[in-house]
Amino acid sequence: MRKLVSTWQKWQKQLIFVLSLMLCSFSYAQDKNYNVLFIAVDDLNDYVSLLEDYPGIKTPNLDKFSEEAITFTKAYTAAPVCNPSRSAVLTGLSPVKTGLYDNPDHFQNSPEAMSATLLPEHFKNNGYTTMWSGKLFHTGRKDYFSRPGKERMREMWDDMKGHDGGYGPNAKNPNIPDSIIHPGLFDYESWEGPDDDFPDVVNTDRTIQRLKADYETPFFMVLGFYRPHNPWTAPQRFFEMYPLEELQTPRVLENDLEDIPEIGKNWAKGPVNFQEIKKAGKWKPIVQSYLASISFMDYNFGRVLDALEKSKYKDNTIVVLWADHGFHMGEKDHFAKYALWEKTTHTLLMAKIPDGPEGENRDQPVNLLDIYPTLIDYCGLPEVNQELSGVSLRNVIEDKHYKKETPSITYYKKGSIGVRSFNWRYIRYFDGTEELYNHKEDPGEWKNLANNPEFRAIKKDFEKWFPADRKKAVGPIKNRSNEK
């Protein structure tokens, strides 16, 4: 009997000890309900000093932020255009699962996207205050407002003042000749009006005010910058940072497209013909305006960082900055996004984690799809119903020696696929034609090795990462009454 009582007493002590540990863990988890400042950038390629370091580029606030954040030097988009890239980040689902590959593929046509719990919804459902200004979902012409319906959008946000915002102001005096076929917003101009002519400035001001407010719960706060998306208008002082007489244009290899498949050549021609831009003498001014727009975005980003630093939230806020995809400024005879090469798919991803490592780079290939599971992990949120396509980057962030073996995959039209490992890029177009580049020796992707039998094993090894099933493109929306 004594032995039974003694055993019971020991068991009680062990139970109390375990329960106390659980309570401590719960208390710690409660203390670690981080706020999230979620900043999206539109059409930013890898010219920034943290990646390519384009000659003369000026991004002092990104540079400063890198001193306290993790910079993923090999981050890639899920798709090389706005709508599918942003939809992938918000649903956590790859384009091959949702059927969202291109801008016309509408969110509401995808049952998988519509049934997914979106990233801000997940935070809202778990007690967060959700706020949004600027570009997060895709915007554009009326049939391009790719997102859930109005009621669901209203339920998703506690405050959505300034949502979307707009691409303006457009150039008052068009600089692209009518003889060059180009989209409506494809233009540039040094802007002499006030800064608050730009929605980016207004939405930055709004975000700064939000960081001064008090909240009863943790917050998920979104700011979406339009610049450096065209029209490449920015306040004049940012143009003055890049005098035309000192400006370098990108290195472009003559006849670069000779060794690539026809699909790649056709994609390179649109929606703007680089050779026509060059002949018209507009190449250098456009590069100037693009760099000015990058520095303008950086300026507004710095204003938000300063506001966070002065706020009560500075020590308990995760900051994530990501760009939806890259952009060619003539590289590979291309002047746009809409391709599977490095310049279109390589993007900027940075994360500042309270009490996490600071001022370090991570060189493993990662994908924007990894953002959703990483935030779930750090914020201690429950799993979502959909099976997320990305993985948490917590191990990568916290252990600089951690090896992430999986490559990063980008999808585009008709299930065309681009795979990026540490040293290689492999592209397989929807008709089976291929490109292969050794980035260690050929960072400009000037020599296509796909037809060289010496590298057959490398291509074969990439195939194991190809998805077994790829959903067909869902196409444009037919009933537009519920879009905005």
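A short tour of the structure in this document, coming up. (Residues numbered from 1 in each chain as written. Predicted model: local features only at pLDDT ≥ 70, side-chain atom pairs only at ≥ 80, totals over all residues. Heavy atoms only, no water.)

### Description of the overall build of the protein chain
Our working rule: Here a helix means four or more residues in a row that DSSP labels H or I, a strand means two or more in a row labelled E, and each is numbered from the N terminus. This radius of gyration counts C-alpha atoms alone. The globule rule is 2.2 Å times how many residues there are, raised to the power 0.38. When a residue's accessible area, from a 1.4 Å probe over protein chains only, is under 20% of the maximum for its type it is buried; when over 50% it is exposed; and in between it is partly exposed. Note on areas: these come from Shrake-Rupley sampling with a 1.4 Å probe, and a residue is covered only by the protein chains present in the view. When charges are tallied, Lys and Arg are placed among the positive residues and Asp and Glu among the negative ones, while His and the ends of the chain are skipped. A charge is said to be at NZ when it belongs to Lys, at CZ for Arg, at CG for Asp and at CD for Glu.
Counting its secondary structure elements, the protein chain contains 16 helices and 14 strands. Rg of the C-alpha trace for the protein chain: 24 Å, near the compact-globule value of 23 Å for 484 residues, within the 12% margin. Overall, the C-alpha framework of the protein chain stretches about 95 × 60 × 45 Å when taken along its three principal axes. Every one of the 484 residues in the protein chain was classed for burial, and the buried ones make up 56%. On the protein chain, roughly 21200 Å² of surface is accessible, and the fraction owed to carbon and sulfur atoms is 50%. For the protein chain, the centre of its 62 positive side-chain charges and the centre of its 69 negative side-chain charges are spaced 5 Å apart.

### Description of the pattern of salt bridges
Put simply, the rule is: Just to be clear on terms, a salt bridge is a Lys or Arg side-chain nitrogen sitting within 4 Å of an Asp or Glu carboxyl oxygen.
Counted under the stated rule, the structure contains 31 salt bridges. Residues Lys352 and Glu68 are paired through a salt bridge, measuring 3.5 Å at the closest nitrogen-oxygen approach. Highlighted residues: Lys352 in strand E8 (residues 346-352) and Glu68 in the loop between helix H2 (60-66) and strand E2 (70-76), separated in sequence by 284 residues. A network of salt bridges, in which partner residues are shared, links Arg428, Glu434, Lys459, Lys460 and Glu463.

### Brief notes about the packing of helix H8 (residues 199-212) against helix H12 (residues 283-310)
Angle between the axes and distance between the axes: these two values describe a pair of packed helices. We apply this condition: Geometry is summarised by axes, namely lines fitted to C-alpha atoms with helices restricted to the contacting stretch, and by angles between N-to-C directions that run from 0 to 180 degrees. Throughout, the term roughly parallel applies to angles under 35 degrees, roughly antiparallel to angles over 145, roughly perpendicular to angles from 65 to 115, and oblique to all others. When checking whether two residues touch, look at their non-hydrogen atoms; a contact exists if any pair is within 4.5 Å. Any residue outside Ala, Val, Leu, Ile, Met, Phe, Trp, Tyr, Cys, Pro, Asp, Glu, Lys and Arg is labelled polar, Gly included; the first ten of those are nonpolar and the last four are charged.
One way to put it is that H8 packs onto H12 with a least axis distance of 9 Å and a crossing angle of 10°. Between H8 and H12, the crossing angle belongs to the class labelled roughly parallel. Of H12, the residues touching H8 (which contributes Asp200, Val201, Thr204, Asp205, Thr207, Ile208 and Leu211) are Phe296, Asn300, Arg303, Val304, Ala307 and Leu308. Within the contact of H8 with H12, the residues separate by chemical class into 7 nonpolar, 3 polar and 3 charged.

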